[in-house]
Amino acid sequence: MLTIWFPLLPILLSFHLWASPNPLPENIYPLWFFNPPAGSPTFVVGYSSEHAYLDSAINAAKREAALNYVKIRQVQIAGEQGLATLAAGTITVGSTIKEFYDTTEAERLAGKMKMLDYFRRGGSVALLASTDSVGNVPGARRVDAATLPMPSWTSVIPEQAGYIYNSGLATLYYNEFNSWREAERKARINLALTVYTKVKFLGKKSDNIYFREFQIEETNVTLHAIDVVARWKDVKNQICYVLMRVPVGK
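All figures in this text were calculated on a predicted structure; none of them were measured in a lab.

(A) Structural view of the overall build of the protein. Scanning the protein from terminus to terminus reveals 5 helices and 13 strands. Looking at the protein as a whole, 42% of its 250 residues qualify as buried. Taking all contacts inside the protein whose residues are at least 6 apart in sequence as the whole, residues at least 24 apart take part in 68%.

(B) Structural view of the sheet that holds strand 9 (residues 163–171). What the 3 strands build is an open sheet, ordered 9-13-12; its pairing is antiparallel. With partners counted over all chains shown, the strands left at the sheet margins are strand 9 and strand 12 (227–234), one partner each. Neighbouring strand axes in the sheet, compared pairwise and without regard to direction, differ in orientation by 15° on average. Here strand 9 runs beside strand 13 (residues 239–247); their pairing, made up of 9 bridges, is antiparallel. Bridge assignment links Gly168 to a residue of strand 13, and that residue is Val242. Set on the sheet, helix 5 (residues 176–195) makes contact with strand 9, strand 12 and strand 13; between it and strand 9 the angle comes to about 145°.

(C) Spotlight on the packing of aromatic side chains. For the coordinates displayed, the defined rule picks out 14 aromatic pairs. Their ring planes at 80° and their centres at 6.5 Å tell us that Trp153 and Tyr241 sit as a pair that is edge-to-face. Of this pair, Trp153 sits in the loop between strand 8 (142–144) and strand 9 while Tyr241 sits in strand 13; the two residues are 88 residues apart in sequence, bridging distant segments of the chain. For the pair Trp153 and Tyr241, one class covers both residues: buried. Here the aromatic cluster, defined as three or more aromatic residues joined through ring pairs, consists of Tyr29, Trp32, Phe33, Phe34, Tyr47, Phe119, Phe177 and Trp180. The residue whose ring lies beneath Arg121 is Tyr29, and the NZ or CZ to ring-centre distance is 4.4 Å.

(D) Focus on the pattern of salt bridges. Here the structure, examined in full by the defined rule, presents 13 salt bridges. For the salt bridge of Arg231 with Glu184, the shortest nitrogen-to-oxygen distance reads 3.1 Å. With Arg231 in strand 12 and Glu184 in helix 5, the pair connects residues that are 47 residues apart, well separated along the chain. Since its relative accessible area comes to 5%, Arg231 is described here as buried. For Glu184, a relative accessible area of 5% translates into the label buried. In the salt-bridge network here, residues are joined through shared partners; they are Lys71, Glu99 and Arg188.

(E) Structural detail: the sheet that holds strand 6 (residues 114–121). An order of 2-7-6 is seen for the 3 strands of this open sheet, with the pairing classed as antiparallel. The open sheet is flanked by strand 2 (43–48) and strand 6, the only strands paired with a single partner. Taking the axes of each pair of neighbouring strands and ignoring which way they run, one obtains an average angle of 20° across the sheet. Bridge count between strand 2 and strand 7 (residues 124–130): 6 bridges; the pairing is antiparallel. Each bridged residue has a counterpart across the sheet, and for Ser48 the counterpart in strand 7 is Val125. Helix 3 (residues 54–73) rests against strand 2, strand 6 and strand 7 of the sheet, and its axis sits at about 135° to strand 2.

(F) The arrangement of the pairing of strand 2 in detail. Strand 2 sits mainly inside the fold: 6 of its 6 residues count as buried. In strand 2, alternate side chains face the same way, and those of Phe43, Val45 and Tyr47 on one face and Val44, Gly46 and Ser48 on the other are all buried.

(G) Representation of helix 3 within the structure. For helix 3, built from 20 residues, the straight-helix expectation of 28 Å at 1.5 Å per residue is met to within 8% by its first-to-last C-alpha distance of 29 Å. Helix 3 sits mainly inside the fold: 14 of its 20 residues count as buried.

(H) Spatial organisation of unusual backbone geometry. The backbone of Ala225 sits at a positive phi, close to 55°, despite the residue not being glycine. Inspection of the secondary structure puts Ala225 in the loop between strand 11 (211–224) and strand 12. The backbone phi angle of Gln238 is positive, close to 60°, even though this residue is not glycine. Here Gln238 is to be found in the loop between strand 12 and strand 13.

Each value, and the rule that gives it
Residues numbered from 1 in each chain as written. Predicted model: local features only at pLDDT ≥ 70, side-chain atom pairs only at ≥ 80, totals over all residues. Heavy atoms only, no water. Helix = DSSP H or I, 4+ residues; strand = E, 2+ residues; numbered from the N terminus. Buried < 20%, exposed > 50% of the residue type's maximum accessible area, 1.4 Å probe, protein only. Contact = heavy atoms within 4.5 Å. Pairing = 2+ DSSP bridges. Axes fitted to C-alpha atoms, helices over the stretch in contact; angles between N-to-C directions. Phe/Tyr/Trp six-rings, centres within 6.5 Å; stacked < 30°, edge-to-face > 60°. Lys NZ or Arg CZ within 6 Å of the ring centre and 35° of its normal. Salt bridge = Lys/Arg side-chain N within 4 Å of Asp/Glu carboxyl O. Expected span 1.5 Å × (residues − 1).

Okay, structure coming up:
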């Protein structure tokens, strides 16, 4: 027989009511996801994979938010990648580029991250977190991604004095949040390649069908104070885009 200690019953009921909103429809998001808030607190997004219980998913997303908080403050990006230029465009044909960051600090911060808002996709969760308490969550309104026009930065990288911008993209996977993770990782790598790239090898070949070029690029850069400027979802073509920037000369 299940026995509940009655003084705890109101607390359990309160938690259940708070923690059981329905998952959002496929293309509905909080505005803060596409337009990350700026200001004195550092806002970060964390994701979780599918969990049977909501509180487990939230805790996992908070741990990832702590990792992302550490990465935006300082991350070393080092390694090589191969690029092949074909008639249809340039593709990556192999990469050893990795990210190095303070995992000890991320573990320390995991329990201190404050969840400000979250949304669900099935059993997965994405949340907005900060190390500071925030009275009013900026951009809590829900929006339909299909109604948001394509931003110019998806095709033309912005230029602004004192900053370097770059973006990353990923096709939509079965677990959507994995796509956003991948797009964010690529944006950080592209920032590093913009800051410093060494071409280690360059080869060219021409035949009757197409012109082809192959090169190997190397980078080794430590980025500080990364801003996640914007996200956008191409609903029609199922692509996730992320725009980031880092300050330079400051």
